[in-house]
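For reference, the chains in residue letters:
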Amino acid sequence: MPDRKHTRWMRIRLQVVVGFLVVCSAFVLVRIFNLQVRQSEWLRELSRQQYLKEITLEPMRGSIEDRNGAPLAVSVMTESVFAMPGEMQETDASARMLAEALGKDSKWSARLARKLSSRKHFTWVARRLPPRKVERVKALEIKGVHFTTESRRYYPARELAAALIGFAGDGRGLEGIELLFDGQLRGSTVFAQGLRDARGNLLYSEGVGNHGGTGGGGVTLTIDGAVQEIAERVLQKTLIESRAKNAVAIVMVPSTGELLAVANVPSFNPNTFWEFGPRLYRNRAVADCYEPGSTMKVFTMAAALAAKEIELTEKVDCKHGVYEIGAHTIHDSHRGGFGLLTADEVLKHSSNIGIAQIGQRLGRQRLFSALRRFGFGKRTGIDV
């Protein structure tokens, strides 16, 4: 007969094992319920993020034109070169060949070789290249080197109005009009979905490139390209003759305030803006402060005429070039100064003494109020 004690021990062990299996089964069932029901949405989104990657697609940037429709900044499609290091062999030799085709030096070649030897899945070689360089690279037929199309900003007028227009890089405005109206020029981007593999490599699904965003809107300036060119040419000549460091000119329609030209020299080529220093990017016509000088005489005279403090034919004693006001002595630039001048002759000869006396007739408060009505001390409202 079997030992009762042994039989009872076997029964206990069997019950423990069955109980353990029941507990494990219950735990598994609860876990399945949580995964399949309670956490299903969260897990579905997590898995989606593991194999889907969001791709930002930049639209074509809008153009900038002058008042006559002449293009000052446009976007053109160009090709860029990238490499997949995992597909490449002979990375040093490939880097040297690419450097030679792109006209780069040995330092650039060494940096590229290090990138190609890394564990990265993707690296840019060169972006937005001219067609001749793209053809050179394609002729090399290097395994692991690929091409893609990108939008590139191009400035057909080169240095013309460069400080005013500014420039853009990587689809974004960085200076001038390009920066000021960046939101309008850039347009709306589109976020498309692309598949990626277990290593994180991006696999563009077929048709992703067709989902472009809304193209950027254009900007039309009041600038006249012909007037701008004349202004810059005259300024450049003046700069050389006067041996000045820089020169500025603004051409305006007096009745409307429209700007026909905003010229700064020396200028720079925005197509290769990285080759120039920030000093040349500065639009001195609106960024720099300067003394208005003798232009203030016109406004002082206008205020006096409006207040009927003087008539154009009335004569003013210009004291032959020396006039004391308190502790200060005013002189005229003309040798020997002037005697009696009519009001219009005071302006014609730009007499400091004559206009000072006319200003005194107005007094501080009336002169200040008149200048404020002309807009001095207020924002001009110009967009730049």
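Scroll up for the structure.
Just so we're clear, the structure is a prediction, and the values are computed from it rather than from any experiment.

**Q** Could you give an account of a positive patch on the surface, with specific residues and numbers?
**A** A cluster of basic side chains, namely Lys 104, Lys 107, Arg 111, Arg 114, Lys 115 and Lys 120, defines a positive patch on the protein surface. The topology assignment puts Lys 104 in the loop between α3 (91–102) and α4 (106–116).

**Q** Please provide a residue-by-residue account of the environment of Met 252, values included.
**A** Topologically, Met 252 is positioned in strand β11 (residues 247–252). Judged by its relative accessible area of 45%, Met 252 is partly exposed. Sequence separation between Met 252 and Ile 223 is 29 residues; the distance between their C-alpha atoms is 9.3 Å. Beyond its immediate stretch of four places on either side in the chain, Met 252 contacts Gly 257, Glu 258, Leu 259 and Leu 260.

**Q** An account of the pairing of strand β14 (residues 322–325) is needed here, citing residue identities and associated values.
**A** Successive residues of a regular strand alternate their side chains across the two faces of the sheet. In terms of strand pairing, β14 meets strand β15 (residues 328–331) through four bridges, oriented antiparallel. Each bridged residue has a counterpart across the sheet, and for Tyr 323 the counterpart in β15 is Ile 330. As consecutive antiparallel partners, β14 and β15 are separated by two residues, and within that stretch Gly 326 has a phi angle of approximately 60°, a positive value.

**Q** Which residues make up a nonpolar patch on the surface, and what values go with them?
**A** On the surface, Phe 27, Val 28, Leu 29 and Ile 32 cluster together into a nonpolar patch covering about 420 Å² of accessible area. Structurally, Ile 32 can be placed in helix α1 (residues 4–38). Its relative accessible area of 42% is what places Ile 32 among the partly exposed residues.

**Q** Any chance you could break down the nonpolar core for me, citing the residues and the numbers?
**A** The biggest cluster of nonpolar side chains holds 23 residues, and the ones touching the most others in it are Ile 64, Leu 164, Ile 165, Leu 221 and Phe 268. Secondary-structure elements contributing two or more residues to this core are β3 (71–83), α6 (162–165), β6 (167–169), β12 (259–265) and α10 (278–281). Of the residues forming this core, the biggest block, three residues, is contributed by α6. Discounting chain neighbours no more than four positions away, the residues touching Leu 164 are Gly 176, Ile 177, Leu 221, Ile 223, Val 262, Asn 283 and Val 384. Ranked by size, the runner-up nonpolar core spans 19 residues in total, among them Ala 83, Trp 108, Ala 113 and Ile 142.

**Q** Requested: an account of the packing of helix α12 (residues 295–306) against helix α14 (residues 352–362), with residues and values cited.
**A** In contact at an axis separation of 9 Å, α12 and α14 are set at 40° when each is read in the N-to-C sense. Relative to α14, the element α12 lies oblique. Of the two possible hands of crossing, α12 and α14 adopt the one that is left-handed. Contacts between α12 and α14 involve Lys 297, Thr 300, Met 301, Ala 303 and Ala 304 on the former and, on the latter, Asn 352, Ile 355, Ile 358, Gly 359 and Leu 362. Looking at the contact of α12 with α14, its residues break down into six nonpolar, three polar and one charged.

**Q** Give me α14: which residues, what numbers.
**A** Burial analysis of α14 places eight of its eleven residues in the buried class, which makes it a mostly covered element. Residues of α14 that are buried sit in contact with α12, β13 (315–317), β14, β15, α13 (343–348) and α15 (364–374). A positive phi of about 85° marks Gly 363, the residue just after α14.

**Q** Pulling in residues and values, what's your account of the packing of aromatic side chains?
**A** One pass over the full model with this rule turns up nine aromatic pairs. Centroid distance Phe 268 to Phe 276: 6.1 Å. Interplanar angle 55°. Geometry classified as tilted. What makes Phe 268 buried here is its relative accessible area of 1%. Their ring planes at 85° and their centres at 5.0 Å tell us that Phe 299 and Phe 376 sit as a pair that is edge-to-face. Within this pair, whereas Phe 299 is found in helix α12, its partner Phe 376 is found in the segment after α15, the two being separated by 77 residues in sequence. Taking relative accessible area as the criterion, Phe 299 reaches 25% and is therefore assigned partly exposed. Its relative accessible area of 31% is what places Phe 376 among the partly exposed residues. Three or more aromatic residues joined by ring pairs make a cluster, and in this case those are Phe 167, Phe 268, Phe 273, Trp 274, Phe 276 and Tyr 281. For the cation-ring pair, Arg 127 lies above Trp 124, with the distance from its terminal atom to the ring centre recorded as 4.3 Å. Taking the ring centre of Phe 147 as reference, the NZ or CZ of Lys 138 above it sits at 5.3 Å.

**Q** Provide a residue-level description of α4, including the pertinent values.
**A** Within α4, burial applies to Trp 108, Ser 109, Leu 112, Ala 113 and Leu 116. Seen along its axis, α4 keeps its buried residues to an arc of 140°; they face one direction. In α4, the exposed residues that point more than 90 degrees away from the buried face are Lys 107 and Arg 114. Lining the buried residues of α4 we find β3, α3 and β4 (123–129). Where α4 starts, the residue carrying a side-chain oxygen 3.3 Å from the main-chain nitrogen of Lys 107 turns out to be Asp 105.

**Q** Now, about the pattern of salt bridges: what can you tell me, with residues and values included?
**A** In total, this model carries 13 salt bridges according to the counting rule given. For Arg 153, the salt bridge goes to Glu 178, with nearest N and O atoms at 2.7 Å. Taken together, the residues Arg 153 in strand β5 (residues 145–154) and Glu 178 in helix α7 (residues 176–180) connect sequence positions 25 residues apart. For the salt bridge of Arg 233 with Glu 229, the shortest nitrogen-to-oxygen distance reads 3.9 Å. On the criterion of helical spacing, the pair formed by Arg 233 and Glu 229 is a turn pair, its members being four residues apart in helix α9 (residues 225–242). Salt bridges linked by common partners bring Arg 61, Arg 153, Glu 178, Asp 182 and Arg 186 together as one network.

Conventions adopted
Residues numbered from 1 in each chain as written. Predicted model: local features only at pLDDT ≥ 70, side-chain atom pairs only at ≥ 80, totals over all residues. Heavy atoms only, no water. Patch = residues over 30% accessible without salt bridge, like charges linked within 9 Å, V, L, I, M, F, W, Y side chains within 5 Å. Areas by Shrake-Rupley, 256 points an atom, 1.4 Å probe, with all protein chains shown as cover. Salt bridge = Lys/Arg side-chain N within 4 Å of Asp/Glu carboxyl O. Lys, Arg positive; Asp, Glu negative; His and termini not counted. Charge placed at Lys NZ, Arg CZ, Asp CG, Glu CD. Helix = DSSP H or I, 4+ residues; strand = E, 2+ residues; numbered from the N terminus. Buried < 20%, exposed > 50% of the residue type's maximum accessible area, 1.4 Å probe, protein only. Contact = heavy atoms within 4.5 Å. Pairing = 2+ DSSP bridges. Core = buried A, V, L, I, M, F, W, Y, C linked by side-chain atoms within 4.5 Å. Axes fitted to C-alpha atoms, helices over the stretch in contact; angles between N-to-C directions. Parallel < 35°, antiparallel > 145°, perpendicular 65-115°, else oblique. Left-handed = near helix turned anticlockwise from the far one by under 90°. Nonpolar A, V, L, I, M, F, W, Y, C, P; charged D, E, K, R; others polar. Phe/Tyr/Trp six-rings, centres within 6.5 Å; stacked < 30°, edge-to-face > 60°. Lys NZ or Arg CZ within 6 Å of the ring centre and 35° of its normal. Arc of directions from axis to C-beta. Polar contact = N/O pair within 3.5 Å; in protein donor to acceptor, adjacent residues only side chain to side chain.

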